[in-house]
Amino acid sequence: MMFSKRINVALVSGLCALTPAPAAAQALAEQVAVCGSCHGENGKPQEKVTPIIWGQMRGYLYIQLRDFKRGDRKHEIMQAMAANFERDDMLAIAEYFSQKPWPDLGQPRAPKEVAERAVRANGSVGCTGCHFDQWQGDGTVPRLAGMSREYLAKAISEFRTRARGNNPGMSDLMLATSVEDLAALAEYLAGR
Amino acid sequence: MRQYQRNATILAGAAAIAVVAGASFAQEIKQDAVKAARMAKVPSVGQDLLNKAANDVNNFLLTNGDYAQTRFYPAKQINRNNVRNLKVAWIFQTEVRESLETSPIVVDGVMFVTTSFSHVYAIDAKTGEELWHYKHKMGPITTYCCGPNNRGVQVLGDLVYLATLDAKLVALNSKTGAVVWETQVADPEAGYSETMAPTVVKDKVLIGTNGGEYGIRGFVKAYDAKTGKLIWTFNTTPENSVGVWAMKDATDRDMHRNIEAEKAQLAKTGDPYKTLGGGVWQNPAVDLAANRIFFVVGNPSPDLDGSIRPGDNLYTDSLVSVDLETGKYVCHSQYIAHDVWDLDAVSPPVLVNAKDRSGKTIPAVIHGGKTGHVYVHDRKDCSLIRFSDAMVPQENMWVLPTKEGARMLPGANGGVEWSPMATDPGQGLAYAINLHQPMTYHVESSPYPNGKLWLGGAFKVIPSEAQSGNITAVDYNTGKIKWQVKTPQPMIGGILATAGGLVFTGEGNGKFAAYNSSNGKELWSFNAGAGVNAPPSSYSVGGKQYIVVGAGGNTQLDFKRGNSIVAFTQ
């Protein structure tokens, strides 16, 4: 209930922000003004299930906005946000956020057994073959290190059920990994 | 990555200094962020010189040594008797600490190497000093599987050719590193990327593509070497990709296809060629006399789910030959029709003269497969003459992938991965490095995802089972294994044979060693401190022979990363 109330507020302010502006720079500033209300004015998201977008990979941010716009990735608010963006807007927004510093959410390091389990699971599927050995991501592959544990758990579980259907390859990999291993990975990644 | 970004800042500073130093090409520098510390004194490389690369004891001109891709280096100053005296001549540290898969190219004492994220360095091959550094300005969108790798450049005339992770082909001035032309090969947003070194021959730049994990339509393209204009495109998945409904693989084993279900699917959804994958990861071999090229085509998309791509999925998992001038199809030979294991064809083919079934020596072409066999073909019509003994354990072939996962050996990385083989024509031997990684194969079905990762399931390493690797010498005239050296880890990178009776290859644990090429006896070794997972090269400068190799580890197998190019001499 709380959640949905806040959403409405954000949507309204989002609409205001989207009125066309002449200068490109100004347009960008207006376009991104609304994002902070959920993704955090200082890069730390308001809610634990909202992902960090500050310092995230440029290519990844663009692709997500594109997918929200196309409806390939479903999320009512984000789809509405992206609906009015053109390709160039999305590229500019992606660049804007990718250049901000990644915030430190101060999440605890995973205990030894959890970390070991996570590392073993990675050894089997090779997550770091794409997400890189420090889980920093590159290009269209997202950074995972230091992302909120709750969001990671949600993303993983939605890949598994294909509720998040914009990357079937990730869904397949998640389905091939046990729920316990994935829980360990979420905890381990949050604390890195 | 953190390391990488920190270094990038330093580089920007250095580039600024270079702008002052090299005022005459300041404009190119500004545009392309080239750091031209010094001019590289590289002579123009003529086609003649390239044609004779196989006998060149000074240069290393082509990714795999010569157009036949023999990786047999003709110099023998370093040989069985003295290789134990091999010492580090110099170590060059690149600014990128990530997977190194580069084949160093050497032209008249100037070496060209590449790193992950498509950087190029020109280095003094005698001293290891940097001459220039081209840092590719990467586009925002890159879509690639298996690491941000780059496997090297080739030089023709005064240009150095590079293919980039954001699917561009770039020609650089060989003396300064400035961009001369650049062209977009394919759309990275649709799953295309480039990691291979281009092959440049007779004013054409030949380039394949990655993307078999993203539902691309694979190709080999030829560009005009001077202008970057497209000359021809050969699509690796023809409009009729169905083939002959082969029930057995090239080694005559049943692949357990459900032809009826496939035919029903075909009637329903039509030929799947548009999103069928078929990447070409490695260089074609060029038959200069016949004016034909030979290359191998990778896996169909999606990797593990065959249900939505009925038919043999031509020309995936095949050796293919096309006409160099026109790109027109000449012949093919498919190893695995309708592959659902990603046991595809990646290691670059090698032209040799080999015995046919009647014992007559004929022009042949060989390929080291992920299946663990070396395949020997007749160059005339691509037909298979023989396949070697299996170089790695094979078990449970061809069990179909299941939801829960079915165990089968070899694992999906091979056998022989992208790693080029070496050959010794005098001994009639092919040298291959192999992986042994027990895996389970899992299948999941999902529709084409618009350029996103599309595996149709997953490959999982079985953590409780030991992995290993090996170096294997195969007699290509008989298919018999001549010798084999076991290694503690799976092997990926490449191998070089020399007229000194040696083979050189590296391992993920940092070991780089020389072996007697007739019996596999280890004669010398060095530990580079990071995975040696790149193909070695050799060259001579100032009357001395050198061996050089990259030690940067490997993303795909998570071998320890580094950033060194190490040159050895006596």
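Heads up: the structure comes first, above all this text.
So, a few notes on the structure that sits alongside this text. Counting restarts for each chain, with residues numbered from 1 along the sequence as it is written. For this description, chains carry letters from A and ligands carry numbers from 1, given in the order in which they are written. Whole-chain, interface and lining totals are the exception, using all residues; otherwise, since this is a predicted model, local features are given only for residues with pLDDT of at least 70 and side-chain atom pairs are given and counted only at 80 or more. Side-chain metrics rest on all non-hydrogen atoms present in the structure, leaving aside hydrogens and water.

1. Things to note about the overall build of chain A
Turning to step 1, where the next piece is worked out: Regarding its fold elements, chain A presents eleven helices and zero strands.
Turning to step 2, where the next piece is worked out: Working definition: helices are DSSP H or I runs of at least four residues, strands are E runs of at least two. Numbering for both runs from the N terminus. The helix and strand sequence of chain A, counted from the amino end, reads α-α-α-α-α-α-α-α-α-α-α.
Turning to step 3, where the next piece is worked out: For the exposure calls, accessible area comes from a 1.4 Å probe over protein chains only, and a residue counts as buried if that area is under 20% of its type's maximum, exposed if over 50%, partly exposed in between. Every one of the 192 residues in chain A was classed for burial, and the buried ones make up 53%.
Turning to step 4, where the next piece is worked out: In this description, contact between two residues means that some pair of their heavy atoms is separated by no more than 4.5 Å. In chain A, 65% of the contacts between residues at least 6 apart in sequence involve partners at least 24 apart.
Turning to step 5, where the next piece is worked out: All accessible-area figures derive from a Shrake-Rupley calculation using a 1.4 Å probe, and residue coverage is judged against the displayed protein chains alone. Of the accessible surface of chain A, which amounts to about 9,300 Å², a share of 58% is contributed by carbon and sulfur atoms.

2. Overview of the environment of R561(B)
All names here are of chain B.
Turning to step 1, where the next piece is worked out: The residue R561 is located in the loop between strand 36 (544-551) and strand 37 (564-569) in this model.
Turning to step 2, where the next piece is worked out: Here R561 falls in the buried class, since its relative accessible area comes to 9%.
Turning to step 3, where the next piece is worked out: Put simply, R561 and R97 are 464 residues apart on the chain and 6.2 Å apart in space, counted from C-alpha to C-alpha.
Turning to step 4, where the next piece is worked out: A 3.5 Å cut-off defines polar contacts: any pair of N or O atoms within that distance qualifies, except that in protein one atom must be a possible hydrogen donor and the other a possible acceptor, and neighbouring residues in sequence count only when both atoms are side-chain atoms. A polar contact of 2.8 Å, which involves the side chain of R561, links it to the side chain of E98.

3. Here we look at the sheet that holds strand 33 (residues 511-516) of chain B
Residue and element names in this part refer to chain B.
Turning to step 1, where the next piece is worked out: Strand order across the open sheet formed by five strands is 2-31-32-33-34, with mixed pairing between neighbours. The open sheet has two edge strands with one neighbour each: strand 2 (72-73) and strand 34 (522-527).
Turning to step 2, where the next piece is worked out: Here five bridges tie strand 33 to strand 34, and the two strands are oriented antiparallel to one another. Note that in strand 34 the partner of A513 across the bridge is S525. The criterion for strand pairing is that DSSP finds at least two bridges linking the strands in question.

4. Comments concerning empty space enclosed by the protein
Residue and element names in this part refer to chain B.
Turning to step 1, where the next piece is worked out: Only protein atoms enter the 1 Å grid used here. Points where a 1.4 Å probe fits but cannot escape make up a cavity, open sets with protein on both sides within 12 Å along at least five of seven lines make up a pocket, and a residue lines them when an atom lies within 4 Å of a point. Grid points are joined across faces, edges and corners, and a volume is the space filled by probe spheres set on the points. Applying the stated criterion across every chain yields a total of four cavities of 30 Å³ or more.
Turning to step 2, where the next piece is worked out: What the largest cavity holds in volume is close to 60 Å³.
Turning to step 3, where the next piece is worked out: In terms of lining residues, the largest cavity is bounded by L62, T63, N64, D66, Y67, Q69, Q154, P198, T199, N283 and P284.
Turning to step 4, where the next piece is worked out: In terms of residue class, the lining of the largest cavity is made up of four nonpolar, six polar and one charged. When residues are grouped by polarity, Ala, Val, Leu, Ile, Met, Phe, Trp, Tyr, Cys and Pro land in nonpolar, Asp, Glu, Lys and Arg in charged, and all others, Gly among them, in polar.

5. Notes on the pairing of strand 22 (residues 374-378) of chain B
Residue and element names in this part refer to chain B.
Turning to step 1, where the next piece is worked out: Counting buried positions along strand 22 gives five out of five residues, so the element sits mostly inside the fold.
Turning to step 2, where the next piece is worked out: Relative to strand 22, strand 21 (residues 361-368) runs antiparallel, the two being bridged by five bridges. Across the sheet, the residue bridging to G368 is V374, located in strand 22.
Turning to step 3, where the next piece is worked out: Hairpin connection between strand 21 and strand 22: a loop of five residues separates the two successive antiparallel strands, and G372 in this loop has a positive phi of roughly 100 degrees.
Turning to step 4, where the next piece is worked out: Two elements, strand 22 and strand 23 (residues 384-387), share three bridges in a ladder whose sense is antiparallel. Each bridged residue has a counterpart across the sheet, and for V376 the counterpart in strand 23 is R386.
Turning to step 5, where the next piece is worked out: Between strand 22 and strand 23, which pair antiparallel and follow one another directly, the connecting turn spans five residues, one of which, C382, has a positive phi of 70 degrees.

6. Quick word on unusual backbone geometry
Turning to step 1, where the next piece is worked out: Cis geometry is found at the peptide bond from M397(B) to W398(B), where omega equals -10 degrees.
Turning to step 2, where the next piece is worked out: For W398(B), the location among the structural elements is in the loop between strand 23 and strand 24 (406-408).
Turning to step 3, where the next piece is worked out: Cis geometry is adopted by the peptide bond preceding P410(B), which originates at L409(B) and carries an omega value of 0 degrees.
Turning to step 4, where the next piece is worked out: Among the secondary structure elements, P410(B) is positioned in the loop between strand 24 and strand 25 (422-424).
Turning to step 5, where the next piece is worked out: For R162(A), which is not glycine, the phi torsion reads 65 degrees and is therefore positive.
Turning to step 6, where the next piece is worked out: For R162(A), the position within the fold is in the loop between helix 9 (149-160) and helix 10 (168-175).

7. A short note on the packing of aromatic side chains
All names here are of chain B.
Turning to step 1, where the next piece is worked out: Here a Phe, Tyr or Trp ring, Trp counted by its six-membered ring, pairs with any other such ring whose centre lies within 6.5 Å, and the pair is stacked when the planes are under 30 degrees apart, edge-to-face when over 60, and tilted otherwise. Counting across every chain of the model gives 23 aromatic pairs over all chains.
Turning to step 2, where the next piece is worked out: Pairing F234 with F295 gives two aromatic rings, centres 5.9 Å apart and planes at 65 degrees, and the pair type is edge-to-face. Placement of F234 in strand 15 (residues 230-235) and of F295 in strand 17 (residues 292-297) is noted, with a sequence separation of 61 residues between them. Here F234 matches F295 in class, with each residue buried.

8. Considerations on the interface of chain A and chain B
Turning to step 1, where the next piece is worked out: Listed as interface residues are 33 residues of chain A and, on the opposing side, 36 residues of chain B.
Turning to step 2, where the next piece is worked out: Sorting the residues of chain A by area buried against chain B places S124(A), F132(A) and D172(A) first, and these three jointly supply 18% of that buried surface.
Turning to step 3, where the next piece is worked out: Salt bridge criterion: a side-chain nitrogen from Lys or Arg within 4 Å of a carboxyl oxygen from Asp or Glu. The closest approach of N and O atoms between E444(B) and R162(A), which form a salt bridge, is 3.5 Å.
Turning to step 4, where the next piece is worked out: Here chain A is connected to chain B by 13 residue pairs in polar contact (both at pLDDT 80 or more).
Turning to step 5, where the next piece is worked out: When residues of the side of chain A that touches chain B are traced back to their parent elements, those giving at least two are helix 4 (58-70), helix 6 (87-98), helix 7 (112-125), helix 8 (128-131) and helix 10 of chain A. Summed over both partners, the accessible area lost on bringing two parts together, with a 1.4 Å probe, is the buried area.

9. Considerations on the nonpolar core
Turning to step 1, where the next piece is worked out: Note on terminology: a nonpolar core comprises buried Ala, Val, Leu, Ile, Met, Phe, Trp, Tyr and Cys residues joined through side-chain atoms within 4.5 Å. One finds F112(B), W132(B), Y161(B), I293(B) and F295(B) to be the most contacted residues of the largest nonpolar core, which totals 59 residues.
Turning to step 2, where the next piece is worked out: Per-element accounting of this core gives the leading share, five residues, to strand 9 (residues 159-163) of chain B.
Turning to step 3, where the next piece is worked out: Within the second largest apolar cluster, 41 residues are counted, among which are A110(A), I156(A), A186(A) and A190(A).

10. Observations concerning the state of the cysteines
Turning to step 1, where the next piece is worked out: Disulfides are defined in this document as cysteine sulfur pairs within 2.5 Å. Per the counting criterion, the structure on display carries two disulfides over all chains.
Turning to step 2, where the next piece is worked out: The side chain of C331(B) participates in a disulfide bridge whose partner is C382(B); the two sulfur atoms lie 2.1 Å from each other. Residues C331(B) and C382(B) are joined through a disulfide that is right-handed, its torsion about the S-S bond being 65 degrees. Of this pair, C331(B) sits in strand 19 (residues 329-334) while C382(B) sits in the loop between strand 22 and strand 23; the two residues are 51 residues apart in sequence, bridging distant segments of the chain.
Turning to step 3, where the next piece is worked out: By relative accessible area, C382(B) is classed as buried at 0%.
Turning to step 4, where the next piece is worked out: Sequence-ordered numbering of the bonded cysteines in chain B gives a pairing of 1-2, 3-4.
Turning to step 5, where the next piece is worked out: Not engaged in a disulfide, the cysteine C38(A) finds its nearest cysteine sulfur in C35(A); these two sulfurs lie 8.9 Å apart.
Turning to step 6, where the next piece is worked out: In this structure C130(A) is not part of a disulfide, and its nearest cysteine sulfur, from C145(B), lies 6.1 Å away.

11. A word on the sheet that holds strand 35 (residues 537-541) of chain B
Across a sheet, strands are paired by hydrogen bonds formed along the backbone, either parallel or antiparallel in direction.
Residue and element names in this part refer to chain B.
Turning to step 1, where the next piece is worked out: Pairing within the open sheet is antiparallel, and its four strands lie in the order 3-37-36-35. Among the strands making up the open sheet, the edge pair consists of strand 3 (87-93) and strand 35. The sheet shows a mean angle of 25 degrees between the axes of neighbouring strands, direction not considered.
Turning to step 2, where the next piece is worked out: One ladder, built from six bridges, connects strand 3 with strand 37; its direction is antiparallel. For helices, the fitted axis covers only the stretch in contact; all axes are lines through C-alpha atoms, and the angles between them, taken along N-to-C directions, range from 0 to 180 degrees.

12. So, the pairing of strand 28 (residues 457-461) of chain B
Residues and elements named next belong to chain B.
Turning to step 1, where the next piece is worked out: Counted residue by residue, strand 28 has five buried out of five residues, so it is predominantly covered.
Turning to step 2, where the next piece is worked out: The side-chain alternation of strand 28 yields two buried faces, one formed by G457, F459 and V461 and the other by A458 and K460.
Turning to step 3, where the next piece is worked out: Here strand 27 (residues 439-443) pairs with strand 28 via five bridges, running antiparallel. Note that in strand 28 the partner of Y441 across the bridge is F459.

13. So, the packing of helix 7 of chain A against helix 11 (residues 179-190) of chain A
Residues and elements named next belong to chain A.
Turning to step 1, where the next piece is worked out: Taken N-terminus to C-terminus, the directions of helix 7 and helix 11 make an angle of 115 degrees; their axes are 8 Å apart at the nearest point. Judged by the angle between their axes, helix 7 and helix 11 are roughly perpendicular. The hand of the helix 7/helix 11 crossing is left-handed. Along its contact with helix 7, which presents V114, A115, R117, A118, V119 and A121, the element helix 11 presents E180, D181, A184, L185, E187 and Y188.
Turning to step 2, where the next piece is worked out: Of the residues belonging to the contact of helix 7 with helix 11, the class tally is eight nonpolar, no polar and four charged. By definition in this entry, angles of less than 35 degrees are roughly parallel, angles greater than 145 are roughly antiparallel, angles of 65 to 115 are roughly perpendicular, and the rest are oblique. Left-handed describes a crossing in which the near helix is turned anticlockwise from the far one by less than a right angle; the clockwise case is right-handed.

These results come straight from atomic positions and should not be treated as a statement about function.
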